[in-house]
Amino acid sequence: MHPVMKTVLQRLGLGLLTLIGVSIIIFSSLELLPGGFAEAILGQGATPETVAAVNESLGLDRPATTRYFEWIFGALKGEFGTSFAGAGSGWGSANKRLVSDVIGPRLYNTFFLAAMTAVIAVPIALALGMLCALYRNSWFDRVANALTLTTIASPEFFVAYVLVFFFAVKLRWFPPLSTVSDTTSFLQHTFKAALPAMTLTLVIIAHMMRMARASIIALLSSPYIEMAKLKGLSPKQVILNHALPNAWAPIATVIAFNLAYLVVGVVVVEVVFTYPGIGQLMVDSVSKRDMPVAQACALIFAATYILLNLLADIIAIVTNPRLLHPK
Amino acid sequence: MSTQPVDILNMRTRRTWSQNTIRLLKSAPFSAKFGMVVIAFYMFCALFAPLIAPYGESEIVGKAYGPASAQHWFGLDQIGRDTLSRVIYGAKNTIGIALVTVLISFGIGGVLGIYAAVTRGLLDNILSRIVDVLMSIPVLIFALMLLAMLGKSNPYPEIFGKLPLNLILILALLDSTRVYRLARNTALSVAVQDFVEAARLRGEGMMWIVIREIVPNILPLMIAEFGLRFCFVFLTISALSFLGVGIQPPTADWGSMVAESKTLITFGKIQPLIPAAAIALLTVAVNFVVDWFLQKTSGLRDEQ
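Residues numbered from 1 in each chain as written. Chains lettered and ligands numbered in written order. Predicted model: local features only at pLDDT ≥ 70, side-chain atom pairs only at ≥ 80, totals over all residues.

Things to note about helix α1 (residues 3-28) of chain A
Compared with an ideal rise of 1.5 Å per residue, which puts 26 residues at 38 Å, α1 of chain A spans 38 Å between its outermost C-alpha atoms and is within 8% of the ideal. All buried positions along α1 of chain A are accounted for by Thr18, Val22 and Ile26 of chain A. In this structure, the buried residues of α1 of chain A make contact with α14 (291-318) of chain A together with α5 (122-135) and α6 (139-150) of chain B. (Helix = DSSP H or I, 4+ residues; strand = E, 2+ residues; numbered from the N terminus. Expected span 1.5 Å × (residues − 1). Buried ≥ 20, exposed ≤ 12 C-beta atoms within 10 Å, placed from the backbone. Contact = placed C-beta atoms within 7 Å.)

Topic: α6 of chain B
Here α6 of chain B is twelve residues long and its end C-alpha atoms lie 16 Å apart, about the 16 Å a rise of 1.5 Å per residue gives. The buried count for α6 of chain B comes to eleven of twelve residues, which makes it a mostly enclosed element. Among the residues of α6 of chain B, those classed as buried are Val139, Leu140, Ile141, Phe142, Ala143, Leu144, Met145, Leu146, Leu147, Ala148 and Met149 of chain B. On its buried face, α6 of chain B is in contact with α1, α12 (235-272), α13 (278-288) and α14 of chain A together with α8 (165-191) and α10 (206-242) of chain B. Positioned one or two residues after α6 of chain B, Gly151 of chain B has a phi angle of 85°, which is positive.

Here's the deal with the interface of chain A and chain B
Accessible area lost upon the coming together of the parts serves often as the stated size of an interface. Of the residues lining the interface, 46 residues belong to chain A; the matching set on chain B comes to 38 residues. Element by element, the count of residues in the side of chain A that touches chain B is highest for α14 of chain A, at eight residues. The class makeup of the residues in the side of chain A that touches chain B is 35 nonpolar, nine polar and two charged. (Nonpolar A, V, L, I, M, F, W, Y, C, P; charged D, E, K, R; others polar.)

Considering unusual backbone geometry
If you check the backbone angles, Thr274 of chain A has positive phi at about 40° while not being a glycine. The class for Thr274 of chain A is partly exposed, based on 14 C-beta atoms found within 10 Å.

Brief notes about the nonpolar core
Counting residues in each nonpolar core, the largest one holds 158 residues, and the members touching the most others are Met282, Cys297, Ala298 and Ala302 of chain A together with Ala143, Leu144 and Met145 of chain B. Every residue in contact with Ala298 of chain A, bar those within four places of it in the chain, is listed here: Ile26 and Met282 of chain A together with Ile141 and Met145 of chain B. (Core = buried A, V, L, I, M, F, W, Y, C linked by C-beta atoms within 7 Å.)

Quick look at the environment of Ile278 of chain A
All names here are of chain A. Mapped onto the secondary structure, Ile278 falls in helix α13. According to the C-beta neighbour criterion, Ile278 is buried, with 27 such atoms within 10 Å. Linking Ile278 and Ser185, residues 93 residues apart in sequence, is a C-alpha distance of 20 Å. Not counting residues within four places of it along the chain, the set of residues in contact with Ile278 comprises Ile103, Arg106, Leu107, Thr110, Cys297 and Ile300.

Listed below in structure tokens is the structure:
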């Protein structure tokens, strides 16, 4: 088998194993409580009868392994069981809501926000990172370094509220809250998601720029680049023919890694702007201890994170010139 | 041939430790000095909060949302408590909780990491695989889920009082995976070197090797990592408190203070920005100092 294929398959296998491990961890968090979940939410009202009734209505009376396989195969089909939220009032079946119905529209919103951020942030960050690497130690590089360090170190909600203060309250360019619904048109959606997207863009550009700068500097200081310069090639030829083929891997890693970072950033930013996405849903369900919804959200976040990191690794393997020409 | 008499009085002696420290601090770049001053200021506020703060932590001193005045520099919050006092108490609570969390995390991760690197047996293999899986879930997401399950309050209020025990333990455990990874990898690169082999051959015990050979060599990197992990944990706790599942009211904490006053921003008031800026300033300061410290100790500069 071609060595590239072999490495890629190995990496895919490892990724799959990680996913299974993560799904087991997320699922078994429900089993963590010593007295069980029913006892914890019933609190003072926990008698053996009520605990049994709650367990039965939530399906918690069956063995954990059975429930795990039901859950994971359901998740593969996009079904995550029923939410605990409706069940809280009378434990009846009338007001139960499917988790997938709750998640579906929100998943689209979060994806919309993430895609919008990526489209703006990736080109700007890569261009700025390259400029910093090429003109390193210039005043431009120093200012960029101090600014990006400040942005990375600040909490997302600080960046968000500063933007709200200037762009929504003082200048009144954008709405301070991003309330969108199913009927919001595409343009309207973009307009309302402008501030959350700007916040995420700022945070991500800082990360991406620093990583891009570091990896390009590492690349430009390697001996073969010096060799190319010494044999008299023009700077353009050095960059296009010698640096770029080796730069794809680090650049792809930087992009995928930062998109994975977006997964976490989106939670806080969605809450700040009350944007109806998965992040806000997860925080709500955590406050209400609605475990099926929280677990489904966690699984979606973790799987996205793992898949993006996997993608970065695979791109790095596939674009590695040393692996493409085996001896 | 005349020999100059030796000027004994003005002979240079070896610098003492304190002289060296002062010289080192003087040579620090502006950003690092700024960072150290800021950290010292925060530490002062945190340690002497009850003495500095003009009013009590949850003392109600006026009307809700009172404006900024000479008595109340930053105004009053949603139930009439002095915002400035709460910001000062917040230094004590938020920094204290983050610091305890990181200390526990280094206790678990550091010890296990070094032990795994030195013994390199089955334990190392098992721990490293577990850490790989745990690290592939983003900390904020993982912490949110565990908090949903275990609840945000403290299961033993009679022993630990208002301390958010669940939050501290969950974050310490999740963060210790990162510490483990670094401690194991750096300790491993030291443990395979010749001087460790020499110590082993002369019959030193494992504890001696760890304390005299390995720890001194990985210490600078671990100290720098301590600063960075502190920033990360501090930001995560603030984010969780902001989301309403971290440190709980009435404890004054910067993350939840931002959440409590967030509606004010739409009226053009800067109240929510004050605690948020307090968080940002501290993490920026720590980052500046760590940056300088890393350059100083490792001699690594990305320009080379």
